[in-house]
Amino acid sequence: MKPKVGVIGVGHMGQNHVRVYSEMPGVELAGVFDADDEQAARIAEEYGTTAYSMDDLLATVDMVSIAVPTRFHASIARDCIDAGVDLLVEKPFVDDLEVGRELVRRANEAGVTLQVGHIERFNPAITALNDIAADLDIIAVEAHRLGPPINRDLGDSVVMDLMIHDVDIILSLVDAEVESVSALGTRNSQYADAQIQFDDGTVVSLTASRLTQRKVRTLSVTADECRVDVDYISQSVDIHRNSLPEYIKQNGELRYRHESIVEQPMVEKNEPLRDELTAFVKAATEKTTPRVTGEDALRAIEVTRQIDELASKAERHEVIQ
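Residues numbered from 1 in each chain as written. Predicted model: local features only at pLDDT ≥ 70, side-chain atom pairs only at ≥ 80, totals over all residues. Heavy atoms only, no water.

Peer 1: Where do I start with the overall build of the protein chain in this structure?
Peer 2: Looking only at helices and strands, the protein chain features 9 helices and 13 strands. Computed over the C-alpha atoms, the radius of gyration of the protein chain is 22 Å, within 12% of the 20 Å expected from 2.2 N^0.38 for a compact globule of 321 residues. In terms of overall dimensions, the protein chain has C-alpha extents of about 80 × 50 × 40 Å along its principal axes. Taken over 321 residues, the protein chain has a buried fraction of 47%. (Helix = DSSP H or I, 4+ residues; strand = E, 2+ residues; numbered from the N terminus. Rg over C-alpha atoms; globule rule 2.2 N^0.38 Å. Buried < 20%, exposed > 50% of the residue type's maximum accessible area, 1.4 Å probe, protein only.)

Peer 1: Help me out: how do you make sense of the sheet that holds strand S1 (residues 4-8) in this one?
Peer 2: In any sheet, the strands associate via hydrogen bonds between backbone groups, in a parallel or an antiparallel arrangement. Taking strand neighbours across the sheet as the criterion, the 5 strands line up as S2-S1-S3-S4-S5 in an open arrangement whose pairing is parallel. Edge positions in the open sheet fall to strand S2 (28-33) and strand S5 (114-117), since each of these has one partner strand only. When strand polarity is set aside, the average angle formed by the axes of neighbouring strands in this sheet is 20°. In this structure, S1 lies alongside strand S3 (residues 63-66), joined through 4 bridges in parallel fashion. Opposite Val7, over in S3, you have Ser65 as the bridge partner. Together, S3, strand S4 (86-90) and S5 form the strand contacts of helix H8 (residues 272-286), whose direction differs from that of S4 by roughly 150°. (Pairing = 2+ DSSP bridges. Axes fitted to C-alpha atoms, helices over the stretch in contact; angles between N-to-C directions. Contact = heavy atoms within 4.5 Å.)

Peer 1: In this structure, what is going on with the layout of surface pockets? I would like to understand it.
Peer 2: With a probe scaled to a water molecule rolled over the atoms, the places where space remains empty come into view. Approximately 210 Å³ is the volume found for the second largest pocket. For the second largest pocket, the lining is made up of 14 residues, of which Asn108, Val112, Thr113, Leu114 and Pro290 are closest to its centre. When residues of the lining of the second largest pocket are traced back to their parent elements, those giving at least two are helix H5 (97-110) and helix H9 (294-320). It is H5 that contributes the most residues to the lining of the second largest pocket, 3 residues altogether. In the lining of the second largest pocket, the residues fall into 5 nonpolar, 7 polar and 2 charged. (1 Å grid on protein atoms, 1.4 Å probe; cavity = no way out; pocket = protein on both sides within 12 Å on 5 of 7 lines; lining within 4 Å. Points joined across faces, edges and corners; volume = space filled by probe spheres on them. Nonpolar A, V, L, I, M, F, W, Y, C, P; charged D, E, K, R; others polar.)

Peer 1: Just checking my understanding: could you explain empty space enclosed by the protein for this structure?
Peer 2: Scanning the entire structure with this criterion turns up 1 cavity of 30 Å³ or more. Considered as a void within the structure, the largest cavity measures approximately 50 Å³ in volume. Listing elements by their share of the lining of the largest cavity, those giving two or more residues are helix H7 (158-173), strand S8 (191-198) and H9. Split by residue class, the lining of the largest cavity holds 5 nonpolar, 4 polar and 2 charged.

Peer 1: In this structure, what is going on with the nonpolar core? I would like to understand it.
Peer 2: Within soluble globular proteins, side chains that are nonpolar generally end up buried alongside one another. Core analysis: the largest hydrophobic core is formed by 77 residues, its most contacted members being Ile8, Ile66, Leu87, Phe93, Leu219, Val228 and Ile307. If near-sequence neighbours (up to four positions away) are discounted, Val228 is found in contact with Leu129, Ile132, Leu136, Leu219, Ser220, Val221, Val237, Asp238 and Ile239. Ranked by size, the runner-up nonpolar core spans 20 residues in total, among them Met24, Leu29, Ala40 and Leu88. (Core = buried A, V, L, I, M, F, W, Y, C linked by side-chain atoms within 4.5 Å.)

Peer 1: Can you help me understand the packing of helix H1 (residues 12-23) against H8 in this one?
Peer 2: Two numbers describe a pair of packed helices, the interaxial angle and the distance between the axes. Packing of H1 against H8 brings their axes to within 10 Å, and their N-to-C directions diverge by 65°. Taken together, H1 and H8 sit at an angle that is classed as roughly perpendicular. For the pair H1 and H8, the crossing hand works out as right-handed. In contact with Met13, Asn16, His17, Arg19, Val20, Tyr21 and Glu23 of H1, H8 contributes Leu273, Arg274, Leu277, Phe280 and Val281. (Parallel < 35°, antiparallel > 145°, perpendicular 65-115°, else oblique. Left-handed = near helix turned anticlockwise from the far one by under 90°.)

Peer 1: Looking at this structure, I do not really get a negative patch on the surface. What am I missing?
Peer 2: A grouping of Asp131, Asp135, Asp137, Asp175, Glu177, Glu179, Asp199, Asp200, Asp224 and Glu225 is seen on the molecular surface, where their side chains present a negatively charged patch. Relative to the assigned elements, Asp200 resides in the loop between S8 and strand S9 (203-209). Look at Asp200 and you get partly exposed, because its relative accessible area is 46%. (Patch = residues over 30% accessible without salt bridge, like charges linked within 9 Å, V, L, I, M, F, W, Y side chains within 5 Å. Areas by Shrake-Rupley, 256 points an atom, 1.4 Å probe, with all protein chains shown as cover. Salt bridge = Lys/Arg side-chain N within 4 Å of Asp/Glu carboxyl O. Lys, Arg positive; Asp, Glu negative; His and termini not counted. Charge placed at Lys NZ, Arg CZ, Asp CG, Glu CD.)

Peer 1: I would appreciate a short explanation of the pairing of S8 in the present structure.
Peer 2: Along any regular strand the residues' side chains alternate between the sheet's two faces. Here S8 shows one buried face, formed by Ala192, Ala194, Ile196 and Phe198, and one open face, formed by Tyr191, Asp193, Gln195 and Gln197. Bridging between strand S7 (residues 178-186) and S8 involves 8 bridges; their strand directions are antiparallel. Pairing of Leu184 across the sheet is with Asp193, part of S8. Linking S7 back to S8 in an antiparallel pair, the connection comprises 4 residues, with Arg187 at a positive phi of about 55°. Across 7 bridges, S8 lies against S9 in antiparallel orientation. Each residue of the ladder has a partner; that of Ala192, found in S9, is Ala208. Counted between consecutive antiparallel strands, the loop separating S8 from S9 contains 4 residues, among which Gly201 sits at a positive phi close to 100°.

The values are spatial; any link to function lies outside them.
Listed below in structure tokens is the structure:
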């Protein structure tokens, strides 16, 4: 029998979860819930499913995606766990770390699968990077997640909304503990720069912006052996090796040139959300550890919150001055 799946919250992000589940073989899209009854009914009709009350949905499904504003994550996740329903919670997991730890404990005790929606873990370019980085001695990482102003209120700062993606990726890449964090922010938390140093000496620089008039999603890894450049949008990876600067004499003039070997490994391009939900269904069905656990998400929140607080403090000081 196919597992029955549902979606709680069918706004901008939740609609995509509904779409993917409706196209996914091996599952039955059993229903949706949204606080806006009309929106729930419209999405249910569009995808051939049923709009339920929260209680009725949890009594019907085996697993759900939770795609509501962050402030509602904890209470809904608790209801899902108590109902024995496996759950994928969109990021940020929770807005209170202690509540998040309690939810992780509760899910473990109940035998309920809890995965958090850090979708970039499922970007094919990051999957390729993980394979490459396993053999590298990483020196530094640099990430840029920039984009133009948006016309909707997300509630979360640019750090908690955008930079958290790269923080999670970096924490999964660097096998060390965070030693120090620093950050600067400006324009009402719409632009932030941060630096992280790990206890193995690895240094990290991150920039996130909702003000930049070009969408950029890149991450670069510097290692002794090479530099690896990842583009999340094009799902591409470039590996730069054997960089050889030299001066050559040409037509009686001394000229400078810099050559390097660039490898472009084959990356099988897929929709990250589809891979994420497929992995969630598999982990829930087989009762295996999800790729992004609640513990992973809490670690990302802890570091990201430090960055957010430091950036906000720096911005307030800047305004006072």
